[in-house]
Amino acid sequence: MCGIVGILGSKPVATDLVDALRRLEYRGYDSAGIATVENGHLERRRAEGKLRNLETRLLSEPLSGHTGIGHTRWATHGRPTERNAHPHMTAAVSVVHNGIIENFRELRTELSAKGHTFETDTDTEAVVHLVTDEMQRGAGPVDAVKAALGKLRGAFALGIIFAGEDDLMIAARQGSPLAIGHGRGEMYLGSDAIALAPFTDAITYLEEGDWAVMRRAGVNVFNRDGEAVTRPQIKSIASSLLVDKGNHRHFMAKEIHEQPEVISHTLANYLDMANARVTIPDLGVDLAKISRVTISACGTAYYAGLVGKYWIERYARLPVEIDVASEMRYREAPLPEGGLALFVSQSGETADTL
Ligand code: GLU
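(A) Fine view of the side chain of His 86. One can find His 86 in the loop between strand S4 (67–73) and strand S5 (88–89). Looking at His 86, the relative accessible area reads 3%, which means it is buried. A polar side-chain atom of His 86 sits 3.3 Å from the main-chain amide nitrogen of His 97. Here Thr 124 takes part through its side chain, which lies 3.4 Å from a polar atom of the side chain of His 86.

(B) Unusual backbone geometry, seen in detail. Looking along the chain, the bond that leaves His 86 and enters Pro 87 is cis, with omega of -5°. For Pro 87, the position within the fold is in the loop between S4 and S5. For Asn 39, which is not glycine, the phi dihedral falls at a positive 45°. Here Asn 39 is to be found in the loop between strand S2 (31–38) and strand S3 (41–48). Here Asn 39 falls in the exposed class, since its relative accessible area comes to 81%. If you check the backbone angles, Arg 317 has positive phi at about 55° while not being a glycine. Tracing the backbone through its elements, the reader meets Arg 317 in the loop between helix H9 (299–316) and strand S19 (320–324). Overall, Arg 317 belongs to the exposed group, its relative accessible area being 66%.

(C) How the structure looks around the sheet that holds strand S1 (residues 3–8). The sheet built from 8 strands is open, its strands ordered S3-S2-S4-S1-S10-S9-S11-S15 with antiparallel pairing. Two strands in the sheet have a free side with no partner beyond their single neighbour: S3 and strand S15 (234–235). Pairing of S1 with strand S10 (residues 187–190) involves 4 bridges; the strand directions are antiparallel. What sits directly across from Leu 8, in S10, is Met 187. Most of the contacts of helix H1 (residues 14–22) go to S1, to which it runs at about 150°, and overall it touches S1, S2 and S4. Its contacts with the sheet place helix H2 (residues 51–60) against S2, S3 and S4, and it is angled at close to 135° to S3.

(D) Layout of H2. For H2, every residue scored as buried is listed here: Leu 51, Leu 54 and Leu 58. Down the axis of H2, the smallest arc covering the buried residues is 55°, so these residues share one side. In H2, the exposed residues that point more than 90 degrees away from the buried face are Arg 52, Leu 59 and Ser 60. Residues of H2 that are buried in the fold lie against H1, S2, S3 and S4.

(E) Inspection of the site of the ligand at higher detail. As a structural note, the neighbourhood of the ligand is formed by 14 residues, with Cys 2, Arg 73, Thr 76, His 86 and Gly 99 the closest of them. Contact between the ligand and Arg 73: an oxygen atom at 2.6 Å from a side-chain N or O atom of the residue. In the environment of the ligand, an oxygen atom lies 3.0 Å from a nitrogen or oxygen atom belonging to the backbone of His 77. Protein chains bury 98% of the 300 Å² of accessible surface belonging to the ligand in isolation. With 3 residues, strand S6 (residues 93–101) is the largest single contributor of residues to the shell around the ligand.

(F) Fine view of the nonpolar core. Core analysis: the biggest nonpolar cluster contains 27 residues, and Val 131, Leu 149, Leu 152, Leu 158 and Phe 162 have the highest contact counts within it. Listing elements by their share of this core, those giving two or more residues are S6, helix H3 (104–113), helix H4 (124–136), helix H5 (141–149), strand S7 (154–162), strand S8 (165–174) and strand S12 (211–215). Looking at this core, the element that brings in the most residues is H4, giving 5 residues. Excluding anything up to four places from it in sequence, Leu 158 contacts Ile 4, Val 95, Val 96, His 97, Val 127, Leu 149, Leu 152, Ile 170, Ala 171, Ala 172, Leu 178 and Leu 189. If you look at the next biggest cluster of nonpolar residues, it comprises 23 residues, including Val 18, Leu 24, Ala 32 and Leu 54.

Conventions adopted
Residues numbered from 1 in each chain as written. Predicted model: local features only at pLDDT ≥ 70, side-chain atom pairs only at ≥ 80, totals over all residues. Heavy atoms only, no water. Helix = DSSP H or I, 4+ residues; strand = E, 2+ residues; numbered from the N terminus. Buried < 20%, exposed > 50% of the residue type's maximum accessible area, 1.4 Å probe, protein only. Polar contact = N/O pair within 3.5 Å; in protein donor to acceptor, adjacent residues only side chain to side chain. Pairing = 2+ DSSP bridges. Contact = heavy atoms within 4.5 Å. Axes fitted to C-alpha atoms, helices over the stretch in contact; angles between N-to-C directions. Arc of directions from axis to C-beta. Near = heavy atom within 4 Å. Areas by Shrake-Rupley, 256 points an atom, 1.4 Å probe, with all protein chains shown as cover. Core = buried A, V, L, I, M, F, W, Y, C linked by side-chain atoms within 4.5 Å.

Treat this as a map of the structure, not an account of what it does.
Here it is in structure tokens:
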């Protein structure tokens, strides 16, 4: 899973965008880029490989816009080249995207027939031309995005900026997480609160199907049906400590070495150490009545599930089945009444597990 950031700032945002992307590096990526509104028009810088390549590019060709979006890409459609790196854009619209647009081929064919020229191999570019097309037919940016969202299928998070619109950013979430950060006279967008930790701890998470119209003065959130909705603003605990590499060379090394501490923090919620008791919250399920357990997970979470199988069978004496989520989706496993299903995801949002 790759990263999205966005800033409606009070000063040039390029450096902060790259810093925010750096905080999302732990997710993995193959290329990176940013786009800003420069005196009314859109400009971008992109580079293959590590963020330092993008930084080098920005040193020789700086951007000074106060409104911008950034992206670390983990390619799904098209090779990991600079040409396919996000942001993608036309003269009117620039887009960063996480996830997959499933109907991109149909959209591409339709939009090409209308005269749009595609420059990349990505699914994302269909979104850019779709919004541009709506605008060419007279819609303002907000209505154009609203109409475009109705035509997109798949799982995605989007950040969008527009030429001539220095105080506007639109975000949309369908399947991939997105957080909006509230600053003083500034607004932020990020794949998670960690990316935004240096700027603000006042966070609003978009819910499934939400899209948001962000301006420096505030944000309006709408649901899938276009109705205005209120999403709570919370205080994030993603302090800078959580994302520092500390003394470790890599985030992976850090995560491995942090495991005892992290497990302790997690268990502490359920263990009363003083009285040597386990305190399980009310789950709304009578655990004594469960006849069997099915675990579904992908990758590392699948291995965690295997450990769970051993423990649950050994201590609870219940039969446990474990499935890789991508297989479970398509096979028709019997799930009789009285069974408990556990879905494990180590990244927070694994599409197949969801
Ligand atoms: N599907 C898009 C692409 O291949 C986005 C991939 C991503 O989430 O980084 O460019």
